[in-house]
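Report on the structure
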2 protein chains.
Amino acid sequence: MPRVVELAGGVGGAKLADGLLAELGAELTVVVNSGDDLVLHGLTIWPDHDTVAYTLAGLDDSERGWGLANETWTVMDRLGDLGDETWFRLGDRDLATHLWRSDRLREGARATAIARDLADRMGIAATILPMTDDEVRTEVRTDDGWLEFQEYFVHRHQVPAVHEVRFRGAAQAVTTPEVLGAFGEAELIVIAPSNPIVSVGPILAVGGVREALGAARRRGVPILAVSGIVGGRALKGPADRMLTSLGHEASALGVARLYADLIDGFVLDDLDAGLRPPIEALGLATLVTDTIMTHDASRARFAGEVVAFGCSLRPVHP
Amino acid sequence: MPRVVELAGGVGGAKLADGLLAELGAELTVVVNSGDDLVLHGLTIWPDHDTVAYTLAGLDDSERGWGLANETWTVMDRLGDLGDETWFRLGDRDLATHLWRSDRLREGARATAIARDLADRMGIAATILPMTDDEVRTEVRTDDGWLEFQEYFVHRHQVPAVHEVRFRGAAQAVTTPEVLGAFGEAELIVIAPSNPIVSVGPILAVGGVREALGAARRRGVPILAVSGIVGGRALKGPADRMLTSLGHEASALGVARLYADLIDGFVLDDLDAGLRPPIEALGLATLVTDTIMTHDASRARFAGEVVAFGCSLRPVHP
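Please read these numbers as outputs of a predicted model, since none were measured by experiment. (Residues numbered from 1 in each chain as written. Chains lettered and ligands numbered in written order. Predicted model: local features only at pLDDT ≥ 70, side-chain atom pairs only at ≥ 80, totals over all residues. Heavy atoms only, no water.)

1. So, unusual backbone geometry
In this structure, Gln158(A) takes a positive phi of about 60° despite not being glycine. With respect to the secondary-structure elements, Gln158(A) resides in the loop between helix H6 (149-155) and strand S8 (164-168). Owing to a relative accessible area of 15%, Gln158(A) belongs among the buried residues under this scheme. Of note, the phi angle at His157(B) is positive, near 55°, even though the residue is not glycine. Mapped onto the elements of the fold, His157(B) is located in the loop between helix H6 (149-155) and strand S8 (164-168). (Helix = DSSP H or I, 4+ residues; strand = E, 2+ residues; numbered from the N terminus. Buried < 20%, exposed > 50% of the residue type's maximum accessible area, 1.4 Å probe, protein only.)

2. Regarding the packing of helix H1 (residues 11-24) of chain A against helix H2 (residues 47-56) of chain A
Residues and elements named next belong to chain A. The interhelical angle for the contact between H1 and H2, taken along N-to-C directions, is 30°, at an axis separation of 9 Å. Seen from above, H1 lies across H2 with right-handed handedness. Contacts between H1 and H2 involve Val11, Ala14, Ala17, Asp18 and Leu21 from the former and Thr51, Val52, Thr55 and Leu56 from the latter. Residues of the contact of H1 with H2, tallied by class, amount to six nonpolar, two polar and one charged. (Axes fitted to C-alpha atoms, helices over the stretch in contact; angles between N-to-C directions. Left-handed = near helix turned anticlockwise from the far one by under 90°. Contact = heavy atoms within 4.5 Å. Nonpolar A, V, L, I, M, F, W, Y, C, P; charged D, E, K, R; others polar.)

3. Considerations on the sheet that holds strand S14 (residues 285-289) of chain B
All names here are of chain B. In spatial order, the strands read S5-S2-S1-S9-S10-S13-S14; together these seven strands make up an open sheet with parallel pairing. Since the sheet does not close on itself, it has two edges, and those belong to strand S5 (127-130) and S14, each with one partner. Within the sheet, the average angular offset between the axes of one strand and its neighbour, ignoring direction, is 20°. Note: strand S10 (residues 223-226) against strand S13 (residues 265-269), three bridges, orientation parallel. Residue Leu224 lies in a different strand from S13, and its bridge partner there is Gly265. (Pairing = 2+ DSSP bridges.)

4. Side note on the relation of the copies chain B and chain A
The two chain copies are related to each other by a rotation about an axis together with a translation along it. In the superposition of chain B on chain A (RMSD 0.0 Å, axial shift 0.0 Å), the rotation amounts to 180°. In short, the pair behaves as if placed about a two-fold rotation axis. No C-alpha of chain B lies nearer the rotation axis than that of Asp92(B), which sits 3.6 Å from it. A shared interface surface links the copies, since 100% of the contact residues of chain B are contact residues in chain A too. (Least-squares fit on C-alpha atoms with pLDDT ≥ 70 in both.)

5. Regarding the environment of Lys15(A)
Residue and element names in this part refer to chain A. Structurally, Lys15 is set in helix H1. Note on Lys15: relative accessible area 28%, which makes it partly exposed. Each C-alpha atom of the pair Lys15 and Asp296 lies 8.6 Å from the other, and the pair is 281 residues apart in sequence. Discounting chain neighbours no more than four positions away, the residues touching Lys15 are Met293 and Arg299.

6. Observations concerning the sheet that holds strand S7 (residues 145-148) of chain A
Residue and element names in this part refer to chain A. Taken together, the three strands give an open sheet; going across it, the order is S7-S6-S8, and neighbouring strands pair in antiparallel fashion. One side of each edge strand has no neighbouring strand; the edge strands of this open sheet are S7 and S8. Sheet twist, expressed as the mean angle between neighbouring strand axes with direction ignored, is 30°. The pairing of strand S6 (residues 137-142) with S7 spans four bridges and is classified as antiparallel. When the sheet's bridge partners are listed, Glu139 is paired in S7 with Glu148.

7. Structural notes on the interface of chain B and chain A
With 27 residues of chain B at the contact, the number on the chain A side is 27 residues. For the pair chain B and chain A, the summed buried area comes to about 2,300 Å², and 63% of that belongs to carbon and sulfur atoms. Among the residues chain B hides against chain A, the three largest losses belong to Arg78(B), Leu82(B) and Leu99(B). Together they make up 30% of the total. For the pair chain B and chain A, the interface holds two salt bridges. The salt bridge involving Asp84(B) is made with Arg104(A); its shortest N-O contact spans 3.9 Å. Seen at the junction of chain B and chain A, the total is eight residue pairs in polar contact (both at pLDDT 80 or more). Listed by contribution, the elements that provide at least two residues to the side of chain B that touches chain A are helix H3 (74-81), helix H4 (92-106) and helix H5 (111-121) of chain B. (Buried area = accessible area lost by both parts, 1.4 Å probe. Salt bridge = Lys/Arg side-chain N within 4 Å of Asp/Glu carboxyl O. Polar contact = N/O pair within 3.5 Å; in protein donor to acceptor, adjacent residues only side chain to side chain.)

8. Topic: the layout of surface pockets
All names here are of chain B. What the second largest pocket holds in volume is close to 960 Å³. If you go around the second largest pocket, you meet 44 residues; those closest to its centre are Gly10, Val11, Gly65, Phe153 and Lys236. Among the elements of the structure, helix H1 (11-24), helix H2 (47-56), H4, H6 and helix H8 (196-205) are those that each provide at least two residues to the lining of the second largest pocket. Element by element, the count of residues in the lining of the second largest pocket is highest for H2, at five residues. The residue inventory of the lining of the second largest pocket, partitioned by class, reads 22 nonpolar, 15 polar and seven charged. (1 Å grid on protein atoms, 1.4 Å probe; cavity = no way out; pocket = protein on both sides within 12 Å on 5 of 7 lines; lining within 4 Å. Points joined across faces, edges and corners; volume = space filled by probe spheres on them.)

9. Here we look at the nonpolar core
The tendency in soluble globular proteins is for nonpolar side chains to be buried side by side. Counting 106 residues, the largest nonpolar core has Leu16(A), Leu28(A), Leu56(A), Leu16(B) and Leu56(B) as its most contacted members. Contact partners of Leu56(A), with chain neighbours within four places excluded, come to Ala17(A), Asp18(A), Leu21(A), Val30(A), Ile124(A), Ala126(A) and Ile128(A). With 52 residues, the next largest nonpolar core counts Ala173(A), Ile197(A), Leu213(A) and Ile279(A) among its residues. (Core = buried A, V, L, I, M, F, W, Y, C linked by side-chain atoms within 4.5 Å.)

10. So, the packing of aromatic side chains
Here the distance between the centres and the angle between the planes together describe a pair of aromatic rings. In total, this model carries eight aromatic pairs over all chains according to the counting rule given. Each ring, one from Phe149(A) and one from Phe153(A), has its centre 5.1 Å from the other, and the planes form 20°; the classification is stacked. One end of the pair, Phe149(A), and the other, Phe153(A), are both in helix H6, four residues apart, so they sit about a helical turn from each other. Using a relative accessible area of 4% as the deciding quantity, one classes Phe149(A) as buried. Members of the aromatic cluster, connected to one another through ring pairs, are Phe149(A), Tyr152(A) and Phe153(A). One Lys or Arg, Arg64(B), reaches over the ring of Trp66(B) and ends 5.0 Å from the middle of that ring. Against the face of Trp146(B) rests Arg166(B), its NZ or CZ located 3.8 Å from the ring centre. (Phe/Tyr/Trp six-rings, centres within 6.5 Å; stacked < 30°, edge-to-face > 60°. Lys NZ or Arg CZ within 6 Å of the ring centre and 35° of its normal.)

11. Some remarks on the pattern of salt bridges
Residues and elements named next belong to chain A. Within this structure, the stated rule accounts for 42 salt bridges over all chains. A salt bridge links Arg121 to Asp117, with the shortest nitrogen-to-oxygen separation between them at 2.9 Å. You can see Arg121 and its partner Asp117 sitting in helix H5 (residues 111-121), four residues apart, about one turn around the helix. Its relative accessible area of 28% is what places Asp117 among the partly exposed residues.

It is worth stressing that arrangement in space is one thing and function is another; only the former is reported here.
As structure tokens, this is what we get:
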């Protein structure tokens, strides 16, 4: 099995990671966006990391699309009784993760060490790495001014149009030895079908990531991206509207253009087969297939196709 | 109604406070021991304060004797799944209190301000004041060495014999303007039937408390104490064994001796009527009555007797 590194945001990244895990086991490393992280009720919450971790542990609530299965909401209800903010819903089981993690962060542990320890405790065979141990915060400028990402995403339900995006702290942030090590050992790098602006964007903005991706390609390691836009619409979240309001095309072609200088191959949905020629005209190899990961079998099937396509781009395995 | 200040530990203090609340309403101030406080999972927990607050809010679990009624344990179970310590059981509803409070403490709020805000949010008519805003930690020396109080009390189930008690931080701690104000306005001060060593002891050890109690007496404000030892046994907890192992008598007389230089009157149970002469020989007025507060009516009846007895000691109400 090739060693694969996936760059991932939340749900789309988690579904692909789940398929890749079935295919690759411990050969999979997922580098997750931490620009969406926030502190609420004194707890440090890592939404994208936890979506990936819960999914890889088989503990995610697939219907709700976030958090843990068999969840209850007793703490949150009682916080509401006390007059506290409850717009960011934290389940009781989920809260244990945040308590455990926040306590270790206060003790001075690195985010990376905490993520690895948590994955061990949850029995996850793959490695999940935060993009950095430093604090990066994604913020979006709307007609209501600059908003923290979760304020826009959860509290305001992604209603305001986004005119600008910034990653506060990214200029000072550096990626970790663990992420650099994973890129150094990777035989294939896959950018998940996550929001290219606010999920993958923060990862690429962290010091050392673009350089490490460039170095990997020079060593012959292919990089490919999967479109999270199918038929002009985001599979989940506001990526389509955000691409449009930021002056990009809300299509697989628009996504491919954003990544063109960074990747060798691009995966798009059957529905967008007509976009193959302009995407290939960007100098990219393409895989056109059914990219919708509705259930475990479709995740594994799709992940298998992505890995096969990636490895075909350049013979990393003799 | 006279203004009454009660010095209280946990369950015994809470039951008496509940009776006093029925009698006095907003004229009641409870000064609570904070020597039992601890930090677990990054949360600051105030066991005695919360027992009093939950009881006065009518939300306590009277069967379990601590925590909130209708409690669930989802977060704690999941923390156990993650391999965290779970010997100090925190219910889901209870956790909301600790989250809310810990967040405010980290923001720099005073313990006193937090307690008052929490009482307002829980709809408690009485005032509950921590004995100090400073950190005081009760520790007990056992054959296993010095133990933090909750380590001894909860984790080791009060099994080790206690040879010595200390209140770490008490020498530097000072009481608050709010506690001094309550003593200054009090017409009667009542020491609850709590453990005299580790529940009332820390309150008396805080800088300014003994002086304020002395000043109140000089102004003609009676102070009385209620025995938590009935028939030689503690109504709850290890007070009887602790008194013995520390060289005191495990009886109402032993308790009265500990408080003798501080109080004017002493309340003991019918069962201990035979101890009335030696207690009165200490220079104390006595009330002998049924001190067991099994239900709301007995709490209110007992509190009424205590207040009437206290006010009879010196005519604070013309």
